[in-house]
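So the chains spell out like this:
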Amino acid sequence: MEEALRRAQKMDAIGQLSGGIAHDFNNQLGIVIGYLDILKNDAGIDDRSGKWIDTATRATLRCMDLTRQLLAFSRKKGLEKDIVDLNAVLEDLETMVSRSVTPEIEVQYFLADELWQTEINAGEFQDAILNLVINARDAMPGGGKLLIETTNRWLDADYAAINPETTAGDYVELMISDTGTGMDGETLERVFEPFFTTKPEGRGTGLGMAMVYGFARRYGGNVKVYSEVGVGTTVRMYLPRATGEAHAGSSDMVERGELPG
Ligand code: ADP
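Residues numbered from 1 in each chain as written. Predicted model: local features only at pLDDT ≥ 70, side-chain atom pairs only at ≥ 80, totals over all residues.

## Some details on the packing of helix α3 (residues 86-100) against helix α4 (residues 122-139)
Stage number 1. Close contact between α3 and α4 brings their axes to 10 Å; oriented N to C, the two are set at 40°. Comparing the axis directions of α3 and α4 gives the class oblique. Our pair here, α3 against α4, has a crossing hand that is right-handed. Within the contact between the two elements, α3 uses Leu86, Val89, Leu93, Met96, Val97 and Ser100 and α4 uses Ala122, Phe125, Gln126, Ile129, Leu130, Val133, Ile134 and Arg137.
Stage number 2. Residue classes in the contact of α3 with α4 are distributed as eleven nonpolar, two polar and one charged. (Axes fitted to C-alpha atoms, helices over the stretch in contact; angles between N-to-C directions. Helix = DSSP H or I, 4+ residues; strand = E, 2+ residues; numbered from the N terminus. Parallel < 35°, antiparallel > 145°, perpendicular 65-115°, else oblique. Left-handed = near helix turned anticlockwise from the far one by under 90°. Contact = placed C-beta atoms within 7 Å. Nonpolar A, V, L, I, M, F, W, Y, C, P; charged D, E, K, R; others polar.)

## A short note on the sheet that holds strand β7 (residues 232-240)
Stage number 1. Taken in spatial order, the five strands of this open sheet run β2-β4-β5-β7-β6, and their pairing is mixed. Either end of the sheet is taken by a strand with one partner, and the two such strands are β2 (105-111) and β6 (222-228). Pairwise comparison of adjacent strand axes, ignoring direction, gives a mean angle of 15° for this sheet.
Stage number 2. Of the pairings in the sheet, the one linking β6 to β7 comprises seven bridges and is antiparallel in character. Following the sheet pairing, serine 227 is matched in β7 by threonine 233. (Pairing = 2+ DSSP bridges.)

## Looking at α4
Stage number 1. The terminal C-alpha atoms of α4, which comprises 18 residues, lie 26 Å apart, in line with the 26 Å expected from a rise of 1.5 Å per residue.
Stage number 2. Inspection of α4 places Ala122, Glu124, Phe125, Asp127, Ala128, Ile129, Asn131, Leu132, Val133, Asn135, Ala136 and Arg137 among the buried residues, and these make up the whole buried set. (Expected span 1.5 Å × (residues − 1). Buried ≥ 20, exposed ≤ 12 C-beta atoms within 10 Å, placed from the backbone.)

## As for the environment of threonine 55
Stage number 1. Locating threonine 55 in the fold gives a position in helix α2 (residues 47-74).
Stage number 2. The spatial distance from the C-alpha of threonine 55 to the C-alpha of phenylalanine 125 is 31 Å, given a sequence separation of 70 residues.

## Quick notes on the nonpolar core
Stage number 1. Among the nonpolar cores identified, the biggest contains 41 residues, and Leu132, Met211, Val212, Ala216 and Met237 are the most heavily contacted of them.
Stage number 2. Taken together, the elements giving at least two residues each to this core come down to α2, α3, α4, β4 (144-155), β5 (169-178), α7 (208-218) and β7. (Core = buried A, V, L, I, M, F, W, Y, C linked by C-beta atoms within 7 Å.)

## Some thoughts on the environment of glycine 208
Stage number 1. For glycine 208, the position within the fold is in helix α7.
Stage number 2. Looking at glycine 208, the number of C-beta atoms within 10 Å reads 24, which means it is buried.

## A word on the site of the ligand
Stage number 1. Around the ligand sit 23 residues in total, of which Asn135, Ala139, Thr197, Gly204 and Gly208 are the nearest.
Stage number 2. Secondary structure elements with two or more residues in the shell around the ligand: α4 and α7.
Stage number 3. For the shell around the ligand, the residue count by class is eight nonpolar, 13 polar and two charged. (Near = placed C-beta within 6 Å.)

## Quick look at unusual backbone geometry
Stage number 1. A positive phi angle is found at glutamate 114, which is not glycine, with a value near 55°.
Stage number 2. For glutamate 114, the location among the structural elements is in the loop between β2 and β3 (118-120).
Stage number 3. Phi at phenylalanine 195 is positive, roughly 70°, even though this residue is not glycine.
Stage number 4. Positionally, phenylalanine 195 belongs in the loop between α6 (185-190) and α7.

So this is what it looks like as structure tokens:
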């Protein structure tokens, strides 16, 4: 309990600090990218200078990525909520996911029929998924298997517990599982801690899992991580079933013309 409180306070402080500056910083970086783009397209630029501009552009994009993550992480209230069918969001993201992993990684989906709906912001959910996919990719440099699975779950209060007010109930479970390096005890313990990363300088921000955790919490959900060194990692995210809504239905998909087959 004390540990959870300490973590919440730390996340709060970092959230306030970073949210304030990240927004302005991102705007300034946008200006830098804009001018680099103009320079790059200038007729007078030779090959050598062109390469330097490319390097500066990559570094700036990396900074923008970091500020984007800071913003996502420091988001307090969450964005507008929608009734969301997670399967449909995952289907929309399929191309992006396969582009984010290496060709040596085999991605498999097991999406539940009649998945319950959730009440979340779909864009935030997409960010969370991509963070999890990128972590799985980084854990499998030599290739491996990435499973993405959705299931309807009834959870008892102990299992669901994250906020004191969390109750037993219906949750949609999203499981992302990899056959990567796994995590040792210390890493597993600190995995949600903002800025905790084991990745080499310039590769990790340590904000991905903090964002995933913060996202699930804000919508009354939970995240559990299981990992074994040399075997792999499984992340289970639980999001409460939307109240008073019918099951995620084919009607929604028909309307959007996305019914498979
Ligand atoms: P980052 O990816 O920027 O390091 P995260 O918060 O997403 O930040 O992850 C924190 C750390 O947790 C990672 O540096 C890594 O050590 C560990 N980790 C997260 N996901 C996985 C995974 N799927 N397999 C192995 N280690 C992981």
